[in-house]
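Breakdown of the fold
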Amino acid sequence: MNEHDERGSTMTGVDPGRLDDQQLMKELETIHRTRHDTLLYGSNDALRAHNERMAQLEGEYLRRNPRRPVAAGRTREGARERGCGETTAPHG
């Protein structure tokens, strides 16, 4: 697969608004799985395209799921509570 084909099918892809929910989740899973390698080994152009595509896909997911469940531990308050519990051991 040449660079043009790869960029055309993987990074630009279908408009996220045209994907059904299952296709959107598959695209999100794929892009998150490839993120680390793109960051470490991709060219600046590849990383830029990856960032743009990830933002498009995540934006569409958030648009469709404005009331998605949020785990308490994934909020600032939840993180502070975890931090407090870890620092309660006596010093001395």
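We now turn to the structure provided with this report. Treat the numbers as computed from the prediction; the structure is a model and nothing was measured. (Residues numbered from 1 in each chain as written. Predicted model: local features only at pLDDT ≥ 70, side-chain atom pairs only at ≥ 80, totals over all residues. Heavy atoms only, no water.)

1. What to know about a nonpolar patch on the surface
Which entries qualify depends on this criterion: Here a patch means residues that are over 30% exposed by relative accessible area and free of salt bridges, tied together within 9 Å if like-charged and within 5 Å if nonpolar (Val, Leu, Ile, Met, Phe, Trp, Tyr). Using a 1.4 Å probe, accessible areas were evaluated by the Shrake-Rupley method; residue-level cover was limited to the displayed protein chains. Salt bridges are identified by distance alone: a Lys or Arg side-chain nitrogen within 4 Å of an Asp or Glu carboxyl oxygen. Helix and strand definitions follow DSSP, with helices as H or I runs of at least four residues and strands as E runs of at least two, each counted in order from the N terminus.
A contiguous nonpolar surface patch, about 360 Å² in accessible area, is contributed by L39, L40 and Y41. Its location among the elements puts L39 in helix α2 (residues 21-41).

2. Description of the packing of α2 against helix α3 (residues 44-64)
Short version of the rule: In this description, a line fitted to the C-alpha atoms serves as the axis of each element, helices being fitted only across the stretch in contact, and the angle between N-to-C directions of two axes falls anywhere from 0 to 180 degrees. Note: crossing handedness is left-handed where the near helix turns anticlockwise from the far helix by less than a right angle, and right-handed where it turns clockwise. Contacts between residues were defined by any pair of non-hydrogen atoms, one from each residue, lying within 4.5 Å. Following the grouping adopted for this structure description, the nonpolar residues are Ala, Val, Leu, Ile, Met, Phe, Trp, Tyr, Cys and Pro, the charged ones are Asp, Glu, Lys and Arg, and the polar ones are all others, Gly among them.
Viewed as axis vectors pointing N to C, α2 and α3 meet at an angle of 145°, and their least axial separation amounts to 10 Å. Of the two possible hands of crossing, α2 and α3 adopt the one that is left-handed. Touching D21, L24, M25, E27, L28, I31, H32, T34, R35, T38 and L39 of α2 are A46, L47, H50, N51, R53, M54, L57, E58, E60, Y61 and R64, all from α3. For the contact of α2 with α3, the per-class residue count stands at ten nonpolar, five polar and seven charged.

3. Side note on α2
Test applied: By this rule, a helix spans an expected 1.5 Å times one less than how many residues it contains. The angle between axes fitted to the seven-residue stretch ending at a residue and the seven-residue stretch beginning at it gives the bend at that residue. Accessibility here uses a 1.4 Å probe with only protein chains present; expressed as a share of the type maximum, an area under 20% marks a residue as buried, one over 50% as exposed, and anything in between as partly exposed. Polar contact is defined as a pair of N or O atoms within 3.5 Å, subject to the rule that within protein one atom must be able to donate a hydrogen and the other to accept it, and that residues adjacent in sequence are counted only when both atoms are side-chain atoms.
Taking 1.5 Å of rise per residue, the 21 residues of α2 would be expected to cover 30 Å, and the 30 Å separating its terminal C-alpha atoms lies within 8% of that figure. R35 marks the point of greatest bend in α2, at about 40°. Regarding α2, the residues found buried are L24, L28, I31 and T38. Next to the buried residues of α2 lie α3. Where α2 begins, the side chain of D20 points an oxygen toward the backbone nitrogen of Q22, at a separation of 3.1 Å.

4. Description of the pattern of salt bridges
Applying the stated criterion to the full structure yields five salt bridges. A salt bridge links D45 to R48, with the shortest nitrogen-to-oxygen separation between them at 2.7 Å. Of this pair, D45 and R48 both sit in helix α3, separated by three residues, roughly a single helical turn. Several salt bridges converge on common partners, so that one network encompasses D21, E60, R63 and R64.

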